[in-house]
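The residues making up each chain are set out below.
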Amino acid sequence: MASDQTVSSDPRETVTTYRTCPLCEATCGLAIKTSGDEVLAVGPDHDDVFSRGFICPKGVSLKQLHDDPDRLRTPMLRQPDGSFAPASWDEAFEEINRRLPPILEAHGRDSVGTYLGNPAAHNLAPVIYGRVLLRALGSKNIFSASTVDQMPKHLSAGLMFGGPYRIPVPDLDRTHHLLIFGANPLTSNGSLMTAPNVRGRLRDIQSRGGKIVVFDPRRSRTAEMADEHHFIRPGTDAHLLLALLHVLFEEGLASPGALANHCNGIDEVRRCAKVFSPEAVAEICGISAPEIRRIARDLADAPSAAVYGRIGTCTQEFGTVASWLIDVVNVVTGNLDRPGGALFPRPVAGGAGARDTPGPGRGTLFGRWQSRVRGLNEMLGELPVSCLAEEIQTPGQGQIRALITIAGNPALSTPNSARVDLALDSLEFMVSIDIYLNETSRHADVILPAPSPLERSHYDLALYQFAVRSVANYSPAILETDMPAEWQTLLRLAGVVAGQGSDVDIEALDDLVAHEMTRREAVAPGSPIADRDLAEIMGALEPRVGPERILDMLIRVGPFGDGFGQDPDGLTLTTLEESPHGVDCGPLTSRIPDVLITPTAKIELAPEAIVADVARLEASLHRHVNGSMVLIGRRDLRSNNSWMHNLPLLVSGKPACTAHLHPADAKRFSLRDGGLVRVTSRTGTVEVTVEVTDSIMAGVISIPHGWGHDGEGVQMAVATAQTGANSNILADECSVDALSGNAILNGIPVEIEAVL
Ligand SMILES: Nc1nc2c(c(=O)[nH]1)N[C@H]1C(S)=C(S)[C@@H](COP(=O)(O)OP(=O)(O)OC[C@H]3O[C@@H](n4cnc5c(=O)[nH]c(N)nc54)[C@H](O)[C@@H]3O)O[C@H]1N2
Ligand SMILES: Nc1nc2c(c(=O)[nH]1)N[C@H]1C(S)=C(S)[C@@H](COP(=O)(O)OP(=O)(O)OC[C@H]3O[C@@H](n4cnc5c(=O)[nH]c(N)nc54)[C@H](O)[C@@H]3O)O[C@H]1N2
Ligand code: SF4
Ligand SMILES: [Mo]
């Protein structure tokens, strides 16, 4: 153990350990005080190299999460009368092995679907071993939270830069001008932009004379601290971004500089922007033409600038086009790939993805297969979760008859959740790997729990891929458990679906996985171990097993790694184990052209598929702006999608699930503050308490997602007692972003009326 951790052999003595918070993308350093197996307190790690003492209330709540009596400690088996009873791990796996393989045998691999939820991205086990399970299963019916989240960004980055994970992030710590579209990092703590303490980092922009401009239909906490906030009508970011490009081209302000040599398609972009003059979009966006022109000029004048967009730009009607245009504006203003602009991250354990390789790559393939019922395209090996219910409910070859959910709550978090709920109920068999008996897992036949965050090791393999600096922080488990680790559960399940029975040799399977992943790294372009003997490399990783072995390998072949002896000063997992506050490998640096892996080795500024979708955007210019209402979401600092509402610390005080409405709309619909509003969309109706506020645009109603824990059988006493409704009853599974299949969760047409 590292020198500055307090160690003690007396179990009653207080011990402080440092670890990274796994709850959101900010990767804050926590200091955890324990005595024996009791958690005394969770506070900030002031010496964390990245967060330097910043944390939010969710981090503090890890103690309550660990202690939560409703958190599952043993597998749960459905009984003949429909109730659940605790079971041993062997019993649980025997039941799975009795029920799942016959379905696969009778109906083929596609008859078993999988849904991976958000916490799976914050957890080494599913990030590494989830893939193993999916490969063993071999089903096309793979779904995840990505298609209610960021798939449009993967698609645009894949087409522009060649790799779906080559997503530029704003260089927060050096930029002079930050344009934020549809993100509220002061509340969300940042997304596709890993940066703890966004407030501090934004303040620093202001104190070095820079400016922050926010476009949001709500005056969010981020908008409040910004230098400028523009209310924008939901779903019109692409219109505005094209208008900004229009001005940049028209006024001769486009200045890609050296990037011009690395781009195809700038003229095509110019053509696309032609009809989107500020005058043409002003009414649609709700921002005046002179303002749009000024915003474009300010952007061009800034010494450095970055445009950044998130949930509001992805989960909307023109998600892919808007996500694309954000990077196009960064290129056209010369800000992509330069300090102070938007840079490609360089993750420490990034493996091949973090390496620069000259010359062309293979690019990214999408749409290799389609969903059975609606014909929506595959992206990154998965299908849009908006199709999940219909794939369960529609009979025929390839129908989903059984489902595995891993750290996901689609019954609350995905569109038309009333239908999802019915669909889950109709499955022949369902397994949930989950820490709660909640809206989704209540439909399962077997629930397999996972250790608490303090009982497992942690490294943000996924989120560091979007970090604004190259940092690395590894946290060992600090408390013991007799539960199997989640990676072992995933491998055991992989054994079952591979037909190897309920008690596969986990160690042997893990050896295979580690061997295969290392082999793949060895043959990847530019690999530092290309000429090495694989057996020797595997030997160097001993005696590590499980996620640690693979993590060590990824760090060592990564851009800062020791290359298995090639650079004695390079990083290994051991270095990180000796650095409980993390290792900082510095700010991001330029990576173009060698980061590009498109077939042309250039930035494809005008990918054909996306340019074709601009026609749909053009058609929308002729829509009338009428008096109808649209629904958007919002996030609350003390909430985390649907799953942390059982922690008293996070739900005390004023209810979070309210409907924000502008005073003019309240008057128009005879609604009063504190009264109930009935909100109806094509898919359903909810009733929510009204909060009248001028922080929201007229014509827009905002309800946060993830609430409504009153379902029968949900075993979350605190959450169930909270008021609130499930806003995804209103989200329409039939309307998706045309290109990516991503759900539209913002800008949903609704009707509202007072509940009398
Ligand atoms: N209307 C609307 N809907 C949205 C959004 C929106 O903005 N508006 N946002 C979308 C976004 S961005 C996302 S990411 C999704 C999130 O939706 P999901 O990915 O489905 O995630 P959650 O709803 O947070 O549910 C997480 C589940 O993981 C379980 N869990 C927590 N920790 C662990 C663990 O360590 N191991 C295991 N096995 N399970 C664990 C929890 O108990 C819970 O069941 O929601 C989406 N839904
Ligand atoms: N506290 C907290 N933190 C979280 C989460 C959480 O649930 N709670 N969830 C985590 C997850 S999974 C994710 S993906 C991230 C998301 O991170 P963010 O994207 O930063 O989070 P949101 O708060 O959803 O911000 C989206 C903003 O877009 C606005 N908006 C809605 N529609 C539009 C539109 O059409 N155009 C524009 N320009 N704006 C629009 C909304 O008003 C909102 O302020 O947060 C992560 N962090
Ligand atoms: S901001 Fe995110 S990472 Fe930091 S303490 Fe809060 S939940 Fe944890
Ligand atoms: Mo998300």
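Conventions adopted
Residues numbered from 1 in each chain as written. Chains lettered and ligands numbered in written order. Predicted model: local features only at pLDDT ≥ 70, side-chain atom pairs only at ≥ 80, totals over all residues. Heavy atoms only, no water. Buried < 20%, exposed > 50% of the residue type's maximum accessible area, 1.4 Å probe, protein only. Helix = DSSP H or I, 4+ residues; strand = E, 2+ residues; numbered from the N terminus. Arc of directions from axis to C-beta. Contact = heavy atoms within 4.5 Å. Polar contact = N/O pair within 3.5 Å; in protein donor to acceptor, adjacent residues only side chain to side chain. Domains from an automatic or database assignment. Buried area = accessible area lost by both parts, 1.4 Å probe. Salt bridge = Lys/Arg side-chain N within 4 Å of Asp/Glu carboxyl O. Pairing = 2+ DSSP bridges. Axes fitted to C-alpha atoms, helices over the stretch in contact; angles between N-to-C directions.

**Focus on helix 17 (residues 417–425)**
Then, in step 1: Taken together, the buried positions of helix 17 are occupied by Ser417, Val420, Ala423 and Leu424. Down the axis of helix 17, the buried side of the element spans an arc of 110°, and every buried residue falls inside it. Away from its buried face, by an angle of more than 90 degrees, helix 17 presents the exposed residues Leu422 and Asp425.
Then, in step 2: Among the structural elements, helix 15 (388–393), strand 15 (402–406), helix 16 (410–413) and strand 16 (429–433) are those in contact with the buried residues of helix 17.

**Topic: the environment of Thr481**
Then, in step 1: Tracing the backbone through its elements, the reader meets Thr481 in the loop between strand 18 (469–472) and helix 18 (486–497).
Then, in step 2: The exposure class of Thr481 is partly exposed, given its relative accessible area of 31%.
Then, in step 3: In the structure, Thr481 is positioned 90 residues away from Leu571 in sequence and 30 Å away in space, judged by C-alpha atoms.
Then, in step 4: If we skip the residues at most four places from it in the chain, Thr481 touches Pro451 and Glu455.
Then, in step 5: There is a polar contact of 2.9 Å between the side chain of Thr481 and the backbone nitrogen of Met483.

**Remarks on the domain arrangement of the chain**
Then, in step 1: Split into domains, the chain comes out as domain 1 (76–148 + 367–448), domain 2 (171–349 + 595–617), domain 3 (505–577) and domain 4 (626–754).
Then, in step 2: One C-alpha centre belongs to domain 2, the other to domain 4, and the line joining them spans 28 Å.
Then, in step 3: The interface of domain 2 with domain 4 comprises 26 residues on the first partner and 23 residues on the second.
Then, in step 4: Counting each side, the surface lost to burial between domain 2 and domain 4 is near 1800 Å², with a carbon and sulfur contribution of 62%.
Then, in step 5: On the domain 2 side of the interface with domain 4, the three residues burying the most area are Arg218, Pro234 and Thr315, jointly 30% of the side's total.
Then, in step 6: Applying the counting rule to domain 2 against domain 4 returns two salt bridges.

**A word on the pairing of strand 24 (residues 685–692)**
Then, in step 1: As paired elements, strand 22 (residues 658–661) and strand 24 share four bridges and run parallel to each other. Residue pairing for strand 24: Leu661 is matched across the bridge by Val692.
Then, in step 2: In this structure, strand 23 (residues 676–680) lies alongside strand 24, joined through five bridges in antiparallel fashion. Counterpart to Thr680 in the pairing with strand 24 is Thr685.
Then, in step 3: Here strand 23 folds back onto strand 24, and the loop between the two strands holds four residues.

**Considerations on the sheet that holds strand 11 (residues 228–230)**
Then, in step 1: One open sheet holds the four strands; their spatial order is 11-10-9-13, and the pairing between them is parallel. The outermost strands of the open sheet, each flanked by one partner alone, are strand 11 and strand 13 (306–309). Within the sheet, the average angular offset between the axes of one strand and its neighbour, ignoring direction, is 15°.
Then, in step 2: Along the sheet, helix 7 (residues 198–207) makes contact with strand 9 (177–181) and strand 10 (211–215), crossing strand 10 at roughly 125°.
Then, in step 3: Helix 9 (residues 237–250) rests against strand 9, strand 10 and strand 13 of the sheet, and its axis sits at about 150° to strand 9.

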